[in-house]
Amino acid sequence: MGTDLHLLTISEASRLIAARELSPVELTRAFLDRMEAADPVLHCYLTCTAAAALAAAQRAEEEIAAGAYRGAMHGIPYAVKDNIDCAGIRTTGNSRLLVDNVPKADAAVIEKLEAAGAILLGKLSCDELAHGGPSDDLPWPAPRNPWDTSRIPGGSSSGSAAAVAGGLAMCALGTDTGGSVRSPAGYCGVVGLKATYGRVSRRGIIPNSFSLDHCGPMTWTVADAAMMLGAVAGFDAGDPSSADVPVADFAAALSGDIRGLRIGVVRHFYEDDLPASPAVRANMEVALATLAGLGAELEDVRMRPLDEYAACKMMIQMPELYAVFEEDLKARPESFGEVFRYRVTPGALVRGVDYVQAQRKRRLLADEYRDLMGRYDALVTSGIYGPAPTTQRFERKGKFTKPSITVAFSVTGGPAVSICNGFTDSGLPFAMQVAGKAFDEATVLRVADAYERATPWRARRPAVA
Amino acid sequence: MADEHTTVSAEEVATMLRRAGLELNPEDFAALIDALPHVEAKARLVRDRISRGDEPASTYSVEQVD
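Values in this document were obtained by computation on a predicted structure and should not be read as measured data.

K.L.:
I tried to follow the overall build of chain B on my own but got confused; where do I start?
P.N.:
Counting secondary structure elements, chain B contains three helices and zero strands. Each helix and strand of chain B, ordered N terminal to C terminal, gives the series α-α-α.

K.L.:
Please clarify how the overall build of chain A should be interpreted in this entry.
P.N.:
A tally of helices and strands in chain A yields 15 helices and eleven strands. Since a compact globule built from 465 residues should have a radius of gyration of about 23 Å, the 20 Å found for chain A is in line with a globular shape. Judged by the C-alpha coordinates and their principal axes, chain A covers about 60 × 60 × 45 Å. Within chain A, buried positions represent 63% of all 465 residues. Considering only contacts in chain A between residues 6 or more positions apart, those separated by 24 or more positions represent 79%.

K.L.:
Would you take a moment to explain the interface of chain B and chain A for this structure?
P.N.:
In many analyses, interface size is given as the accessible surface area lost on bringing the parts together. Contacts between the two partners involve 32 residues from chain B, matched on the other side by 40 residues from chain A. Going through the elements one at a time, helix 1 (10-20), helix 2 (26-48) and helix 3 (62-65) of chain B are the ones with two or more residues in the side of chain B that touches chain A. For the side of chain B that touches chain A, the element with the most residues is helix 2 of chain B, which contributes twelve residues.

K.L.:
Whenever I open this one, the nonpolar core confuses me. Can you help?
P.N.:
Nonpolar side chains in soluble globular proteins generally cluster together in the buried interior. Ranked by size, the top nonpolar core spans 161 residues in total, and within it Tyr78, Ala169, Ala172, Met315 and Val434 of chain A carry the most contacts. Broken down by element, the residue count for this core peaks at twelve residues, all from helix 10 (residues 306-331) of chain A.

K.L.:
Which parts of the structure should I look at to understand helix 15 (residues 441-454) of chain A?
P.N.:
Think of an α-helix as turning once every 3.6 residues; residues three or four places apart then point the same way. Residue and element names in this part refer to chain A. Taking 1.5 Å per residue, 14 residues should reach 20 Å; helix 15 reaches 20 Å between its end C-alpha atoms and fits that length. When you tally the buried positions in helix 15, you get eleven out of 14 residues, the bulk of the element. Within helix 15 the residues assigned to the buried category are Glu441, Thr443, Val444, Leu445, Arg446, Val447, Ala448, Asp449, Ala450, Tyr451 and Glu452.

K.L.:
Which parts of the structure should I look at to understand the sheet that holds strand 5 (residues 191-194) of chain A?
P.N.:
The pairing of strands in a sheet comes from backbone hydrogen bonds and takes either a parallel or an antiparallel form. Residue and element names in this part refer to chain A. Strand order in this open sheet of eleven strands is 1-3-2-4-6-5-10-11-9-7-8, and the pairing throughout is mixed. The open sheet terminates on both sides in strands that have one partner only, identified here as strand 1 (45-48) and strand 8 (297-300). Within this sheet the neighbouring strands show an average axis-to-axis angle of 25°, counted without direction. Pairing analysis gives six bridges linking strand 10 (residues 416-423) to strand 11 (residues 429-436), with the strands arranged antiparallel. Bridge pairing links serine 418 to glutamine 433 in strand 11. Sheet strands touched by helix 3 (residues 50-65): strand 1, strand 2 (77-81) and strand 3 (119-124). Its angle to strand 3, the strand with the most contacts, is close to 155°.

K.L.:
Would you take a moment to explain helix 2 of chain B for this structure?
P.N.:
Here helix 2 of chain B is 23 residues long and its end C-alpha atoms lie 33 Å apart, about the 33 Å a rise of 1.5 Å per residue gives. The principal kink in helix 2 of chain B, of about 35°, is found at alanine 35 of chain B, preceding the proline proline 37 of chain B by one to four residues. Where helix 2 of chain B is concerned, the buried positions are Ala31, Leu32, Ala35, Leu36, Val39, Glu40, Lys42, Ala43 and Val46 of chain B. Where the residues of helix 2 of chain B are buried, they touch helix 10, helix 11 (338-344), helix 12 (352-372) and helix 13 (398-401) of chain A together with helix 1 of chain B.

K.L.:
Can you help me understand the packing of helix 7 (residues 222-232) of chain A against helix 15 of chain A in this one?
P.N.:
Two quantities define a packed helix pair, namely the angle between the axes and the distance from one axis to the other. Residues and elements named next belong to chain A. For the pair helix 7 and helix 15, the least separation of the axes is 9 Å and the interaxial angle reads 155°. In terms of orientation, helix 7 lies roughly antiparallel with respect to helix 15. Across the interface between the two elements, Val222, Ala223, Ala225, Ala226 and Leu229 of helix 7 pack against Glu441, Leu445, Ala448, Asp449 and Glu452 of helix 15. When grouped by side-chain class, the residues that make up the contact of helix 7 with helix 15 number seven nonpolar, no polar and three charged.

K.L.:
Looking at this structure, I do not really get the pairing of strand 9 (residues 378-382) of chain A. What am I missing?
P.N.:
The side chains of a regular strand alternate, residue by residue, between the two faces of the sheet. Residues and elements named next belong to chain A. Counting buried positions along strand 9 yields five of five residues, so the element is predominantly enclosed. When strand 7 (residues 262-265) meets strand 9, the two strands line up parallel, connected through three bridges. Paired with valine 265 across the bridge in strand 9 is valine 380. Taken together, the five bridges between strand 9 and strand 11 define a ladder with antiparallel strand orientation. By the bridge assignment, alanine 378 is partnered in strand 11 with glycine 436.

K.L.:
Is there a simple way to explain the environment of arginine 49 of chain B in this structure?
P.N.:
In this structure, arginine 49 of chain B sits in the loop between helix 2 and helix 3. Along the primary structure arginine 49 of chain B and leucine 17 of chain B are separated by 32 residues, whereas in three dimensions their C-alpha atoms are 28 Å apart. Each residue touching arginine 49 of chain B, except ones within four places of it in the same chain, is listed here: Glu308 and Lys361 of chain A.

K.L.:
Any chance you could explain the environment of lysine 437 of chain A here in plain terms?
P.N.:
Residue and element names in this part refer to chain A. Inspection of the secondary structure assignment puts lysine 437 in the loop between strand 11 and helix 15. For lysine 437 and threonine 175, which are 262 residues apart along the polypeptide, the C-alpha to C-alpha distance reads 20 Å. Ignoring sequence-local partners within four residues, the contact set of lysine 437 consists of Met373 and Gly414.

K.L.:
Even after reading the chapter, I still don't get unusual backbone geometry, so can you show me in this structure?
P.N.:
Excluding glycine, most residues fall at negative phi; most peptide bonds, likewise, are trans. Residue and element names in this part refer to chain A. A cis geometry characterises the amide bond from glycine 155 onward to serine 156, with omega recorded as 10°. Mapping serine 156 onto the fold places it in the loop between strand 3 and helix 5 (158-165). With phi around 55°, asparagine 94 is a residue other than glycine that occupies positive phi space. Following the sequence through the fold, asparagine 94 ends up in the loop between strand 2 and helix 4 (108-115). Judged by C-beta crowding, with 31 C-beta atoms within 10 Å, asparagine 94 ranks as buried.

K.L.:
Whenever I open this one, the confidence of the model for chain B confuses me. Can you help?
P.N.:
One rule of thumb: low pLDDT means the predicted coordinates there are not for detailed reading. Residues and elements named next belong to chain B. For chain B, per-residue confidence averages 79 on the pLDDT scale, and residues scoring 70 or more make up 71% of the total. Confidence, expressed as mean pLDDT per element, reaches its minimum in chain B at helix 3 with 50 and its maximum at helix 1 with 93. At the level of chain-chain contacts, confidence expressed as ipTM amounts to 0.85, with global pTM at 0.96.

K.L.:
Would you explain the environment of threonine 149 of chain A in this entry?
P.N.:
All names here are of chain A. Structurally, threonine 149 can be placed in the loop between strand 3 and helix 5. Under the C-beta neighbour-count criterion, threonine 149 is labelled partly exposed, with 18 such atoms within 10 Å. When the C-alpha atoms of threonine 149 and valine 41 are compared, they prove to be 7.8 Å apart, with 108 residues separating the residues in sequence. Residues in contact with threonine 149, not counting those within four places in the same chain, are Val41, Arg144 and Val464.

Thresholds applied
- Residues numbered from 1 in each chain as written.
- Chains lettered and ligands numbered in written order.
- Predicted model: local features only at pLDDT ≥ 70, side-chain atom pairs only at ≥ 80, totals over all residues.
- Helix = DSSP H or I, 4+ residues; strand = E, 2+ residues; numbered from the N terminus.
- Rg over C-alpha atoms; globule rule 2.2 N^0.38 Å.
- Buried ≥ 20, exposed ≤ 12 C-beta atoms within 10 Å, placed from the backbone.
- Contact = placed C-beta atoms within 7 Å.
- Core = buried A, V, L, I, M, F, W, Y, C linked by C-beta atoms within 7 Å.
- Expected span 1.5 Å × (residues − 1).
- Pairing = 2+ DSSP bridges.
- Axes fitted to C-alpha atoms, helices over the stretch in contact; angles between N-to-C directions.
- Bend = angle between axes of the 7 residues up to and from the residue.
- Parallel < 35°, antiparallel > 145°, perpendicular 65-115°, else oblique.
- Nonpolar A, V, L, I, M, F, W, Y, C, P; charged D, E, K, R; others polar.
- pLDDT = per-residue confidence, 0-100.

What follows is the structure, given as structure tokens:
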């Protein structure tokens, strides 16, 4: 095989592995080499499990040679955000609090990927405990954006997005409470999928907000996200929020044909509620024209202003997050970074009645969303307000003052994917979200895949290292 | 947390923190005072848009919605 194995997609690699034209060991070595070359610049990994990865790849190779091919993820190297438990492997959430934490059991998503024969490369950096934001007082340096290393990759699944964009992992898992898969995916030009609340088990994932936490795939292509979701989705009695809903063949839904689909355009999110940069807005028009050209029927729709979703999310998340870490915040506050403390401490003062009202509000917003989705097959809106900021421009207060453009689908619980929809003149990714009906990830992915196939953006890779 | 009729002073915040059993260093206390108005605004936004006749609170799950 050639020297660019780290640029293969899951779709490409799995075909070659199944045909025994690509060795999982050779593929795993390619990613370990890539890590060695690029991670000193990008700082994606907190822990690399090279020896275990090579041993697992060897086992996969032998199984496949013996005719026991398990499916699309067999022999595929992946990595996970460091708030996801892996048995016997340090799992820290990039916090001094948990720097020596070694779980005894795998998270449910790890169990599923192991059962599918995937190869764990290591644990990926993130904002502290999926909430803190990049800061200099964390145990490891913050990841950099592969498209421009003076810029942040976004968060909180920062290492996951940067690793996939930089070719340091073929695919990764992130977690998303208010946009932590989709936002960094947008800044790094990769695919980030938040499936429906309850679709993917959170058992064994360090909690942020019980009511809002999701876990989802981050990949180079939509087809890869469909494959990875197929591997990790499904009911788990060990997660009280897990939904006992049949898991579709998501990859099989990617027909490339979206003719006649009704797509609502949530324009006010990025034009009125928090106006995006002129370049983002102009680029969205081009993307919408592409979807129309593919035969979709587009129509502007209105949801509530983003502020309402953001307020609801914050009043649920802050006390839930504070509740998880209250004991440690009282006993050992110095174990947390300054940005995390800034963002979590107000949770101590949220009134019980405000939390309850926010849960009631969430019900209303989810009901409205269900009614809206009775009229549309999917929604589209921007995935970012502007390209990734420089490291100097990160603002800890932003969490309180600027509603994330991803938050509406976090609160309503429907599936949403962020995909690359072009580049700025200076080569930074733009992003678009496609959202859908509860448990209809298949249609969301179908729309995103059709757009991806019709555009040239997946041919461009960052030049880092 | 303040309701719509009051503004919480730094002294009152300190009292609330004591009741919550949380001690902050001066820098973190100043940061909290900086953050609280934003959080209070969010709480008001939620409160102002929900009324007695709206749905009761319930444990959220998409299965119930769908």
